[in-house]
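A structural walkthrough
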Amino acid sequence: QLQLVESGGGLVQPGGSLRLSCAASGFPLNYYNVGWFRQAPGKEREGVSCISSSDGNTYYADSVKGRFTISRDNAKNTVYLQMNSLKPEDTAVYYCAAMESLSIATMNPYEYDYWGQGTQVTVSS
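The model shown is predicted, which means the values in this text are computed figures rather than measured ones.

For the rest of this paragraph, the subject is the pairing of strand 5 (residues 46-51). Consecutive side chains along a regular strand alternate between the two faces of the sheet. In terms of burial, strand 5 is largely enclosed, as five of its six residues are buried. Of the strand pairs in this sheet, strand 4 (residues 32-39) and strand 5 are connected by five bridges, and their pairing is antiparallel. Counted as the bridge partner of Phe37 is Gly47 from strand 5. In this antiparallel pair of consecutive strands, strand 4 and strand 5, the connection spans six residues, and Gly42 shows a positive phi of 80°. When strand 5 meets strand 6 (residues 58-60), the two strands line up antiparallel, connected through three bridges. Paired with Cys50 across the bridge in strand 6 is Tyr59. Counted along the chain from strand 5 to the antiparallel partner strand 6, the turn is six residues long, and its residue Gly56 has a positive phi close to 75°.

With that settled, consider unusual backbone geometry. Trans peptide bonds make up the majority, and among non-glycine residues the majority have a negative phi. For Asn77, which is not a glycine, the phi torsion comes out positive at approximately 55°. One non-glycine residue with positive phi stands out, namely Ser85, at about 50°. By the element assignment, Ser85 lies in the loop between strand 8 (78-83) and strand 9 (92-100). Classification of Ser85 by relative accessible area gives partly exposed; the value is 42%.

What counts and how
Residues numbered from 1 in each chain as written. Predicted model: local features only at pLDDT ≥ 70, side-chain atom pairs only at ≥ 80, totals over all residues. Heavy atoms only, no water. Buried < 20%, exposed > 50% of the residue type's maximum accessible area, 1.4 Å probe, protein only. Helix = DSSP H or I, 4+ residues; strand = E, 2+ residues; numbered from the N terminus. Pairing = 2+ DSSP bridges.

What follows is the structure, encoded as structure tokens:
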């Protein structure tokens with residue numbers, strides 16, 4: 001029933017910034033843990049960042065710490081991923097996902113129940 005739609009991807013130069021949005025419909029996203037994941041060609045899907053519904057705790061992959069920030073706007077039923085200092089290795093399709101908030105958010109994609117369609121992020125000069 002919950003539907004997620006990502007937006008904000010695009011082509012940026014190394015060192016640039018993008019803000020991805022994950023807009024939810026059908027159910028309040030606040031009741032779910034939300035994660036951002038990415039998948040590059042030839043690679044497995046990996047966790048980027050996640051935020052817990054209950055306490056708002058955030059988690060980041062080591063590769064993006066200090067550069068990416070996840071946040072939530074309950075009024076807009078949207079979760080954001082602010083990406084700064086982008087590197088070519090950040091190039092991937094980025095997905096937002098939601099899981100039942102019975103526990104803290106994790107970086108394991110198999111624990112997530114709902115997925116958006118993905119948005120392409122390309123970092124290239």
